[in-house]
Amino acid sequence: MLSATVLLLGMTMPLSAQNILQRVDKMLTTNYRKVSYDTAYVQRPSTDWTVRARLNVSGATIETEGIDMGQHFKSQMEANNKATLSLGVSYHGITLSVGLNPGKMMGKYQDYELNLNCYRRDFGFDVIYQDAKNFTGWYDQEGLGRIDLPDGMLKVQTLNLNAYYAFNNRRFSYPAAFSQSYIQRRSAGSFLLAASYMAQRATLDWEQGLKLKMNNVGIGAGYGYNFVPARGWLLHISALPTLMVYSPASLTFGDDCMKLHYKFPEAIITGRGAVVRNWSNKFIGLSMVYNYTNIGDRDDFSVYNTKWRIRTFFGVRL
C-alpha cells in the first residue's frame, strides 16, 4: 500500500525521494515478514496496516512509614486517576498515534504523564514519566492523630523504566498481548530476564518543607505465560521482580538531610496481564501494567510507590 502511494505521488515527488521511500518500505516489509519464530505457536497478521483506538486509565499511590521522635507514623497520598483516549495507525510494526486527555482539557488538573512502550518477541520495555501535583491523602502519627493532606501539597516527578528479555521468544510473544503485532496461536511460556529503574523527586509543602530524592536500579528474573484456551483468544500474565543493586535515597527536612537506610529486600516489581480476542480482521482486549517499589527501613523511614495503568483497545487490520 505504501508503494502504491509512492507511485501516485511520482509526478510531483523527486525521483531520489521516491527511491528512498521505496527502499524504506522494502526494508520494513522484509523485516516484518521475516520468519524467525515457530509458526505453529506464533504468526504475523497477514495485513500490512493496523488502526486501533485505546482508552488508558492510570493512577499512582505513595505511602511512607517510619519512626519520628520515638513515635510511629504512616502516611498515604494518592493521585487522581487519569483517562486518555488515543487513536493510532501502524504499518509493519511502526506506529503513529495521537492522544486526548479530556480531564486536562477541561482544567481539572495540570498533571503531565508520558508513556512509551516497545514490545518485541525477544525484548521490550515500558517508560513512564509522571509529573503530578494533584495528590491527596493523610498523615497519622502516634500521639498526634490523623491529619488530612489536601490537594496541591505534594508535588512528584517520577520516571519508571522496566525492560525484559524473553528466552523462549520463538514460541512466546509479548507483543501478541500488548501491541497485537503478532498473534499467539498456541499456549507457551518463557523465563524472563528483567531490569528496572526508578527515579523520583517529591516535595511536600508542610511546615519547613520536605524533599525526597531517589534513584533505584534493579536486576532480576521472572516468568510470563500466554494461554490460548480457544482459537482467537489469548490470556497473558507475567511477573518480573527485580532486587535493588543501586538505591541511593535522601530525605531533606528544612536544613537537615538524612540518607535512607537500605534494608533487604528492596525491590521493584512489575506485573503485566492481558486478555485479547482476535476474529476476522479485528481484535479487542484489555491490558494492565503494575509497578511496585519499596525503599528504606520502616523502623526508620520507608517509602512505597505504586503505579498502574489499565488499557482497553479495539483495532482493525487492513
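Since this is a predicted model, take the numbers as computed values, not measurements.

## Digging into the overall build of the protein
Alright, step 1. Looking only at helices and strands, the protein has 4 helices and 19 strands in total.
Alright, step 2. Overall, the protein is about 75 × 45 × 35 Å in size when its C-alpha atoms are taken along their principal axes.
Alright, step 3. Put simply, 66% of the contacts in the protein that link residues at least 6 apart link residues at least 24 apart.
Alright, step 4. For the protein, the distance from the average site of its 34 positive side-chain charges to the average site of its 24 negative ones is 19 Å.

## Some details on the pairing of strand β2 (residues 49–68)
Alright, step 1. Relative to strand β4 (residues 82–91), β2 is paired through 10 bridges, and the arrangement is antiparallel. Across the sheet, Val57 pairs through a bridge with Ala83, a residue of β4.
Alright, step 2. Strand direction decides the pairing type here: β2 and strand β19 (residues 301–317), joined by 17 bridges, are antiparallel. If you follow Thr50 over to β19, its bridge partner there is Arg317.
Alright, step 3. In terms of strand pairing, β2 meets strand β3 (residues 71–79) through 8 bridges, oriented antiparallel. By the bridge assignment, Gly66 is partnered in β3 with Phe73.

## Concerning the confidence of the model for the protein
Detailed reading of the predicted coordinates is not advisable wherever pLDDT is low.
Alright, step 1. Averaged over all residues, the pLDDT of the protein equals 86, while 92% of them reach at least 70.
Alright, step 2. Mean pLDDT values for the elements of the protein range from 44 in helix α1 (residues 2–8) up to 96 in strand β11 (residues 183–184).

## Let's talk about the nonpolar core
Alright, step 1. Phe135, Leu154, Leu212, Met214, Leu260, Phe301 and Val303 are the most contacted members of the largest nonpolar core, which has 25 residues in total.
Alright, step 2. The contact partners of Met214, leaving out residues within four places of it in the chain, are Met198, Ala199, Gln200, Arg201, Pro248, Ala249, Ile295, Val303 and Asn305.
Alright, step 3. Formed by 23 residues, the second largest nonpolar core is a distinct cluster that contains Tyr37, Tyr119, Leu192 and Val228.

## Some points on unusual backbone geometry
Alright, step 1. In this model, Gln180 sits at a positive phi of 60°, which is unusual for a non-glycine residue.
Alright, step 2. Within the fold, Gln180 resides in the loop between α4 (174–178) and β11.
Alright, step 3. Judged by its relative accessible area of 2%, Gln180 is buried.
Alright, step 4. Phi is positive for Ser280, close to 50°, though the residue is something other than glycine.
Alright, step 5. With respect to the helices, strands and loops of the structure, Ser280 is situated in the loop between β17 (267–279) and β18 (282–297).
Alright, step 6. On the basis of relative accessible area, Ser280 is assigned to the exposed category, the value being 70%.

Cut-off values and rules
- For every chain, the first residue of the written sequence is number 1, and numbering continues from 1 along that sequence.
- The model is predicted, so local features are restricted to residues of pLDDT at least 70 and side-chain atom pairs to those at 80 or more, both for listing and for counting; the totals for chains, interfaces and linings are taken over all residues.
- Note that the side-chain values use all heavy atoms of the structure and ignore hydrogens as well as water.
- Counting from the N terminus, the helices are DSSP H or I runs at least four residues long and the strands are E runs at least two residues long.
- What makes two residues a contact is simply this: any of their non-hydrogen atoms within 4.5 Å.
- A positive count includes Lys and Arg, and a negative count includes Asp and Glu. His and the chain ends are not counted in either.
- Throughout, a charge is located at the NZ atom of Lys, the CZ atom of Arg, the CG atom of Asp or the CD atom of Glu.
- Two strands pair under a simple rule: DSSP has to find at least two bridges between them.
- A residue's pLDDT is the confidence the predictor assigns to it, expressed on a 0 to 100 scale.
- Definition used in this section: a nonpolar core is a set of buried Ala, Val, Leu, Ile, Met, Phe, Trp, Tyr and Cys residues joined via side-chain atoms within 4.5 Å.
- Here the term buried applies to any residue with accessible area under 20% of the maximum for its type, exposed to any over 50%, and partly exposed to those in between, with areas from a 1.4 Å probe on protein chains only.

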